[in-house]
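Listed below, chain by chain, are the residues.
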Amino acid sequence: MRKGTGEVLELFNGRDGEWLARVVQAGKRAGVLLCERQSKEMMLPQDLWLMFAPIKKSRTDFIVEKATEMGAAQIMPIQTDFTNADRIRQDRLQNHVVEAAEQCGGTYVPQVMELQKLSNCLNGWDDRQIMFCDETRVGQAVAFSQQRGPWAILIGPEGGFSPLERKRLDAMPQAHGVSLGPRILRADTAVVAALALWQNTLGDWQ
Ligand code: SAH
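Here is a short report on the structure shown in this document.

Rules of the game
- Residues numbered from 1 in each chain as written.
- Predicted model: local features only at pLDDT ≥ 70, side-chain atom pairs only at ≥ 80, totals over all residues.
- Heavy atoms only, no water.
- Near = heavy atom within 4 Å.
- Polar contact = N/O pair within 3.5 Å; in protein donor to acceptor, adjacent residues only side chain to side chain.
- Areas by Shrake-Rupley, 256 points an atom, 1.4 Å probe, with all protein chains shown as cover.
- Nonpolar A, V, L, I, M, F, W, Y, C, P; charged D, E, K, R; others polar.
- Core = buried A, V, L, I, M, F, W, Y, C linked by side-chain atoms within 4.5 Å.
- Buried < 20%, exposed > 50% of the residue type's maximum accessible area, 1.4 Å probe, protein only.
- Helix = DSSP H or I, 4+ residues; strand = E, 2+ residues; numbered from the N terminus.
- Phe/Tyr/Trp six-rings, centres within 6.5 Å; stacked < 30°, edge-to-face > 60°.
- Lys NZ or Arg CZ within 6 Å of the ring centre and 35° of its normal.

If you check the shell around the ligand, you find 19 residues, and the closest are Cys 133, Glu 135, Glu 158, Leu 180 and Arg 183. At 2.6 Å from an oxygen atom of the ligand is found a main-chain nitrogen or oxygen belonging to Cys 133. With respect to the ligand, the backbone of Leu 180 contributes an N or O atom lying 2.7 Å from a nitrogen atom. Contact with the protein chains covers 85% of the free accessible surface of the ligand, which is 560 Å². Residue classes in the shell around the ligand are distributed as 10 nonpolar, 5 polar and 4 charged.

As structure tokens, then:
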């Protein structure tokens, strides 16, 4: 960050809030910072997971960035029946998340999980509620369960969900099929819309 001795910067580690720190030693490869005082309390996100099917690289970057800004606690790339991607660069996405957290003054860094199959993920699913964003409900009322507690938002790929996936989700009492309005949104837009809807209904926008 090109800071020299005596200069001040803000630090956060995802546990202790944000701290003002002074550079006491600055080398090319290492340095020493002295935490002087806490500048922000730790702000933990709601217990909300974002599950999404990875799409093109730049759009996936956008999704993890916006999920961080919008307060997801955990980011889970999911392989669905119609997902093209069969691998992700988890480390690259995690770096992106760190940058997004810095950018928006967050004190928490959500974890980006490894890519996993939707079916595996749903096997043995506990009582976490699922906001299942289902494009076939386009134009239906935008309403969903107001149950409190842990939640996950699930967004499908460009090809949408397969009939089998929809059948499986519809049979789960934890899953709540939700419309995001009268237009079909691109997956990256749907992520932001769903997070806003959830935060406004059950999360920290209230
Ligand atoms: N190919 C599909 C659209 C997929 S959009 C089609 O044409 O029908 C990608 C994902 O965004 C969907 O799987 C869904 O999770 C979400 N999505 C987009 N628009 C939506 C809407 N109006 N209501 C609910 N979910 C939506």
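On to the nonpolar core, then. Among the nonpolar cores identified, the biggest contains 29 residues, and Leu 50, Phe 52, Met 131, Ile 153, Ile 155, Leu 195 and Trp 198 are the most heavily contacted of them. Those elements that provide at least two residues to this core are strand 4 (48-52), helix 1 (57-69), helix 2 (90-103), strand 8 (129-133), strand 9 (151-155) and helix 5 (187-201). For this core, the element with the most residues is helix 5, which contributes 6 residues. Membership of the second largest hydrophobic core comes to 16 residues, among which are Ile 78, Ile 130, Phe 132 and Leu 169.

Enumeration according to the criterion identifies 3 aromatic pairs in this entry. A centroid spacing of 5.1 Å and a plane angle of 75° characterise the contact between Phe 132 and Phe 161, whose relative ring orientation is edge-to-face. Of the two residues, Phe 132 sits in strand 8 while Phe 161 sits in the loop between strand 9 and helix 4 (163-170), which places them 29 residues apart along the sequence. The exposure classification of Phe 132 matches that of Phe 161, with both residues buried. Relative to Trp 151, the ring of Phe 144 has its centre 5.5 Å away and its plane inclined at 90°; by these criteria the two rings are edge-to-face. Owing to a relative accessible area of 10%, Phe 144 belongs among the buried residues under this scheme. Above the ring of Trp 49, the side-chain terminus of Arg 128 is found at 3.7 Å from the ring centroid.

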